[in-house]
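# Coordinates in review
Residue strings, one per chain:
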Amino acid sequence: MAREFRIEIDDELYEQLAREAGELHEDPTVYAGRVLAHQLDRARFLEGSAQFLSTHGIREEFAARFGPEPSRFPGSARGAPCGRYGGHVS
């Protein structure tokens, strides 16, 4: 079920969202909702990851399995851009 959530943002941020939405030929309100949902999903993922790695013994097991070797997948190296919404893999 979808619910409405109202926020106030400054003019500069609104203009940025409207410009980015326009580039994608999308309604600014819909675009802002997608950006917000993406950021919430990312925050949940990071929180879950932190909880997982804080479990006793998991960090060592994870390091042993995946180790310090570079990734086999292009673009997944440390510091690589992480999609349209910014951020970097760290």
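Summary of the structure given here. (Residues numbered from 1 in each chain as written. Predicted model: local features only at pLDDT ≥ 70, side-chain atom pairs only at ≥ 80, totals over all residues. Heavy atoms only, no water.)

### A closer look at the overall build of the chain
The cut-off we apply is this: Helix and strand definitions here come from DSSP, where helices need a minimum of 4 consecutive H or I residues and strands a minimum of 2 consecutive E residues; each element is numbered from the N-terminal end. Only protein chains enter the accessibility calculation, which uses a 1.4 Å probe; a residue whose area is less than 20% of its type maximum is buried, one above 50% is exposed, and one in between is partly exposed. By the convention used here, residues are in contact when the closest approach between their heavy atoms is within 4.5 Å. Per-residue accessibility takes into account occlusion by the displayed protein chains alone, with areas from the Shrake-Rupley method and a 1.4 Å probe.
Tallying secondary structure elements over the chain gives 3 helices and 0 strands in all. Reading the secondary structure of the chain in the N-to-C direction produces α-α-α. For the chain, with 90 residues in total, the buried portion stands at 7%. Of the contacts made within the chain by residues no fewer than 6 positions apart, 27% connect residues no fewer than 24 positions apart. Here the chain displays about 8300 Å² of accessible surface, and carbon together with sulfur accounts for 57% of that area.

### Description of a nonpolar patch on the surface
Quick note on the threshold: Exposure above 30% relative accessible area and the lack of any salt bridge qualify a residue for a patch; like charges then connect within 9 Å, and the nonpolar side chains Val, Leu, Ile, Met, Phe, Trp and Tyr within 5 Å. Put simply, a salt bridge is a Lys or Arg side-chain nitrogen that is within 4 Å of an Asp or Glu carboxyl oxygen.
Taken together, the side chains of Phe 5, Ile 7, Ile 9, Leu 13, Tyr 14, Leu 36 and Leu 40 make up a nonpolar region of the molecular surface, amounting to roughly 710 Å² of accessible area. Secondary-structure elements contributing two or more residues to the nonpolar patch are helix H1 (11–23) and helix H2 (28–54). Within the element layout of this structure, Tyr 14 appears in helix H1.

### Remarks on the pattern of salt bridges
The final tally for this structure, using the stated rule, is 3 salt bridges. For Arg 6, the salt bridge identified is with Glu 4, shortest N-O distance 2.6 Å. Residue Arg 6 is classed as exposed on the basis of its relative accessible area of 72%. The class for Glu 4 is exposed, based on a relative accessible area of 61%.

### Brief notes about H1
The line we're drawing: Helix span, expected: 1.5 Å multiplied by one less than the number of residues in the helix. For this analysis, a polar contact is any N or O atom pair within 3.5 Å, provided that within protein one partner can donate a hydrogen and the other can accept it, and provided that sequence-adjacent residues contribute only side-chain to side-chain pairs.
The terminal C-alpha atoms of H1 lie 18 Å apart, and with 13 residues this matches the ideal 18 Å at 1.5 Å per residue to within 8%. Capping of H1 at its N-terminal end is provided by Asp 10; its side-chain oxygen lies 3.3 Å from the backbone amide nitrogen of Glu 12. The positive-phi residue at the C-terminal boundary of H1 is His 25, with phi of around 55°.

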